[in-house]
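Working through the structure, step by step
Below are the chains, spelled out letter by letter.
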Amino acid sequence: MLNNLKRVRTRHLALAKNSSEPISMLTAYDALTARVFDEAGIDVLLVGDSAANVMLGLDSTLEITLDEIIMMARAVTRATRRALVVVDMPFGTYEASDEDAVRNAVRIMRETGAAAVKLEGARTSTIGRIVDAGIPVMGHLGFTPQSVHALGGHRVQGRDADAARLIEKARAVEAAGAFSLVVEMIPAAVGADVSAAVDIPVIGIGAGNGTDGQVLVWADAMGMSAHSPSFVRQYAALGDQLRQAAESYRNDVRERTFPSTQESFDH
């Protein structure tokens, strides 16, 4: 069903779950990669706050600003024709009050042309208020990067007794009106249990193969990151290829083999 769509909408993800059709999702932060991933048939593009690390060279996702993520999201939506574009709400844009959250979500939607926003945690009141404003919300549970300090670092969540609490939170996020849910760094069995416990699509990252779809940070999956999490499968070695291409260019310039006469103007 998803393969035949001219434009993926939130309702199509629900239909995909009902028909047990896995959902593909990648991050994207600029027009170049968004166009490629869109043409490749990726169902959902996430303008993630992981851009802080991947694109801006910052130490954590906590440092990216609303202005920065809006700029990137505008580029992604311009280049996207089919995929559903979701934008992360940066740290500090929804914690203070529901009013702030709605105001910032409205700004994201108005200035980017995206289809939905994503926020972390079981913030049911906040989710409900944003949904009431007419904005689709994707939830995010398990390991939530914006809470990395509170969680004690990059640690697997939802183990043992915490699994039941995670399922309760997932149901609460669904009841608040979220159209889908990301679960990150949880045991595979728990990922499958969460997916079975709610009717909305559950997208996993480091959550096993029993979720309704998968998401990865594109730089990790395509070999552009210096270090990738253990749950990542690397589909390309673009970092090595780009480095080799840059070295070849440098050598050609130094040896004056570029530009050639064919790459120069006569008059």
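Residues numbered from 1 in each chain as written. Predicted model: local features only at pLDDT ≥ 70, side-chain atom pairs only at ≥ 80, totals over all residues. Heavy atoms only, no water.

- Looking at an unreviewed UniProt entry, one finds the protein chain named 3-methyl-2-oxobutanoate hydroxymethyltransferase, with Corynebacterium yudongzhengii as its source organism.

**Digging into the UniProt feature "binding site: 3-methyl-2-oxobutanoate" (unreviewed entry) in the protein chain**
- When the UniProt feature table is mapped onto this chain numbering, "binding site: 3-methyl-2-oxobutanoate" (unreviewed entry) sits at D49, S50, D88 and K118. On the basis of their most widely separated C-alpha atoms, the annotated residues across 70 residues gather in one place, lying no more than 12.6 Å apart. None of the other annotated residues line the largest pocket; only D49, S50, D88 and K118 do.
- Tracing the sequence through the fold places D49 in the loop between β2 (44-47) and α3 (51-54).
- The contact partners of D49, leaving out residues within four places of it in the chain, are T61, I64, I69, D88, E120 and Q146.
- Tracing the chain through its elements places D88 in strand β3 (residues 84-88).
- Look past the residues within four positions of D88 in its chain and what remains in contact with it is L46, V47, G48, D49, I69, I108 and K118.
- Among the polar contacts made by the side chain of D88, one reaches the main-chain amide nitrogen of D49 at a distance of 2.9 Å. (UniProt positions renumbered as here; feature names shortened; annotations may be inferred. 1 Å grid on protein atoms, 1.4 Å probe; cavity = no way out; pocket = protein on both sides within 12 Å on 5 of 7 lines; lining within 4 Å. Helix = DSSP H or I, 4+ residues; strand = E, 2+ residues; numbered from the N terminus. Contact = heavy atoms within 4.5 Å. Polar contact = N/O pair within 3.5 Å; in protein donor to acceptor, adjacent residues only side chain to side chain.)

**Examining the packing of helix α5 (residues 98-112) against helix α6 (residues 124-132)**
- Contact geometry of α5 with α6 gives a least axis separation of 9 Å together with a crossing angle of 45 degrees. Taken together, the axes of α5 and α6 lie oblique to each other. Two packed elements cross with a definite hand, and for α5 against α6 that hand is right-handed. Across from D98, E99, A101, V102 and A105 in α5, the residues of α6 making contact are S125, T126, R129 and I130.
- Here the residues of the contact of α5 with α6 sort into 4 nonpolar, 2 polar and 3 charged. (Axes fitted to C-alpha atoms, helices over the stretch in contact; angles between N-to-C directions. Parallel < 35°, antiparallel > 145°, perpendicular 65-115°, else oblique. Left-handed = near helix turned anticlockwise from the far one by under 90°. Nonpolar A, V, L, I, M, F, W, Y, C, P; charged D, E, K, R; others polar.)

**As for unusual backbone geometry**
- Put simply, F258 and P259 share a cis peptide bond, and its omega is 0 degrees.
- Within the secondary structure layout, P259 lies in the segment after α10 (238-254).
- Notably, D160 is not glycine yet its phi reads approximately 55 degrees, a positive angle.
- Even without a glycine there, the phi angle at R256 is positive, about 60 degrees.
- Examined against the element boundaries, R256 turns out to sit in the segment after α10.
- Using a relative accessible area of 76% as the deciding quantity, one classes R256 as exposed. (Buried < 20%, exposed > 50% of the residue type's maximum accessible area, 1.4 Å probe, protein only.)

**Focus on helix α8 (residues 188-197)**
- Residues of α8 that are buried: V190, G191, V194 and S195. Projected onto a plane normal to the axis of α8, the buried residues spread over an arc of 140 degrees and lie on a single side. Exposed side chains of α8 directed beyond 90 degrees from the buried face belong to A189 and A196.
- Looking at the packing, one finds that the buried side of α8 touches α1 (10-18), α7 (162-176), β6 (180-184) and β7 (202-205). (Arc of directions from axis to C-beta.)

**Section: the domain arrangement of the protein chain**
- Along its sequence, the protein chain is carved into domain 1 (10-236) and domain 2 (237-266).
- When each unit is reduced to the centre of its C-alpha atoms, the spacing between domain 1 and domain 2 is 39 Å.
- Residue-level contacts link 6 residues of domain 1 with 4 residues of domain 2.
- Note on domain 1 versus domain 2: buried area summed over both sides is about 340 Å², and carbon and sulfur give 71% of it.
- For the pair domain 1 and domain 2, the interface holds 2 residue pairs in polar contact (both at pLDDT 80 or more).
- Here the side of domain 1 that touches domain 2 is built from residues that sort into 4 nonpolar, 2 polar and no charged. (Domains from an automatic or database assignment. Buried area = accessible area lost by both parts, 1.4 Å probe.)

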